[in-house]
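Descriptive analysis of the structure
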Amino acid sequence: MRAVVAWWDLDGSAQTVDSLREFLREEAVERWAAFPGLLLKVWIADRERNRWGAFQLWESAEAAAQPLSTRAAELIGFLPTERLTFEVEATTEGIHQLPTLARLGAALADT
């Protein structure tokens, strides 16, 4: 398995955390749900530092290496400020009451 973390420093971009939340609701969540080999994608934001990013968990290095959507980069105006890839050493899932991890988060809370 591979984990990928991508961060954008939004300084210098016309995009904001709020406008990117709209992008998630309107197109990104559904588009990424169709990527082969993607186990989980978690979009993250740091409003205080004006940063936006995502964590992706892939079933293999090959899946993580496939051509990805560049729509966020198109909207933001540049590629991620930082993109890191890691080999996954272990995973676990805690005890929780959620039926699924899909379609959760602040951007989707009103949908």
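Structural notes, computed from the coordinates. Keep in mind the model is a prediction, meaning the values are calculated, not measured. Here the residue numbers are simple positions, counted from 1 along each chain's written sequence. It should be noted that, the model being predicted, local features are given only for residues of pLDDT at least 70 and side-chain atom pairs only at 80 or more, the latter also being counted only at that level, while totals for whole chains, interfaces and linings use all residues. To get the side-chain values, all heavy atoms of the structure are used, and hydrogens and water are removed first.

**Notes on the pairing of strand E3 (residues 51-58)**
Which entries qualify depends on this criterion: Buried means the residue's accessible area, taken with a 1.4 Å probe over protein chains only, is under 20% of the maximum for its type, while exposed means over 50%, and partly exposed covers the values in between. Comment: elements are numbered from the N terminus, with helices defined as DSSP H or I runs of at least four residues and strands as E runs of at least two. A pair of strands is treated as paired once DSSP finds two or more bridges between them.
Where burial is concerned, most of E3 is hidden: six out of the eight residues are buried. Strand direction decides the pairing type here: strand E2 (residues 38-46) and E3, joined by eight bridges, are antiparallel. When the sheet's bridge partners are listed, Leu40 is paired in E3 with Leu57. Linking E2 to E3, which pair antiparallel, is a turn of four residues; within it Asn50 sits at a positive phi near 55 degrees.

**What about the pattern of salt bridges?**
Pairing is possible between side chains that carry opposite charge, provided their charged atoms lie close to one another. Our working rule: When a carboxyl oxygen of Asp or Glu is within 4 Å of a side-chain nitrogen of Lys or Arg, the pair counts as a salt bridge.
According to the stated counting rule, one finds seven salt bridges in the structure shown. When the shortest N-O distance is used, the salt bridge between Glu22 and Arg25 registers 2.7 Å. A residue pair is termed a helical-turn pair when its members lie 3 or 4 positions apart in one helix, as Glu22 and Arg25 do in helix H1 (residues 17-32) at three residues. For Glu22, a relative accessible area of 32% puts it in the partly exposed group. Residues Glu74 and Arg71 are paired through a salt bridge, measuring 3.6 Å at the closest nitrogen-oxygen approach. Taken together, the residues span about one helical turn, with Glu74 and Arg71 both in helix H3 (residues 71-76) at a distance of three residues.

**A closer look at the environment of Arg71**
Formally: Whether two residues are in contact is decided by their heavy atoms, any of which lying within 4.5 Å being enough.
The partly exposed category is assigned to Arg71, whose relative accessible area is 28%. Not counting residues up to four positions away in its chain, the partners in contact with Arg71 are Phe23, Glu27 and Arg31.

**Quick word on the sheet that holds E3**
The condition that has to hold: An axis is simply a line fitted to the C-alpha atoms; with a helix, the fit covers only the stretch in contact. Between two such axes, the angle follows the N-to-C directions and lies from 0 to 180 degrees.
Strand order across the open sheet formed by four strands is E2-E3-E1-E4, with antiparallel pairing between neighbours. Of all strands in the sheet, those bounded by a partner on one side alone are E2 and strand E4 (82-87). Looking at each pair of strands side by side, their axes are set apart by 15 degrees on average, direction ignored.

**Description of the nonpolar core**
For clarity, the threshold we go by: As used in this record, nonpolar core signifies buried Ala, Val, Leu, Ile, Met, Phe, Trp, Tyr and Cys residues forming a set joined through side-chain atoms within 4.5 Å.
Core analysis: the largest hydrophobic core is formed by 21 residues, its most contacted members being Trp8, Leu10, Trp52 and Trp58. If you list the elements that add at least two residues to this core, you get strand E1 (2-9), H1, E3, helix H2 (61-65) and H3. For this core, the leading source of residues is H1, giving seven residues.

**Focus on the side chain of Lys41**
Let me state the cut-off plainly: Charged residues are defined narrowly, with Lys and Arg counted positive, Asp and Glu counted negative, and His plus the chain ends left uncounted.
Turning to its location among the elements, Lys41 is positioned in strand E2. Of the side chains bearing the opposite charge, Glu27 lies closest to the buried Lys41, which forms no salt bridge; the N-O distance is 11 Å. Other than its neighbours up to four places away in sequence, Lys41 contacts Trp32, Ala54, Phe55 and Gln56.

**Examining the side chain of Gln56**
Quick reminder of the rule: Identification of polar contacts relies on pairs of N or O atoms within 3.5 Å, with a donor-acceptor requirement for protein atoms, meaning one able to donate a hydrogen and the other able to accept it, and with residues adjacent in sequence counted only if both atoms are side-chain atoms.
Residue placement: Gln56 occurs in strand E3. Within polar-contact distance, the side chain of Gln56 engages the side chain of Trp58 at 2.9 Å. When near neighbours in sequence (up to four residues on either side) are disregarded, Gln56 contacts Arg2, Ala3, Val4, Trp32, Leu38, Leu40, Lys41 and Leu68.

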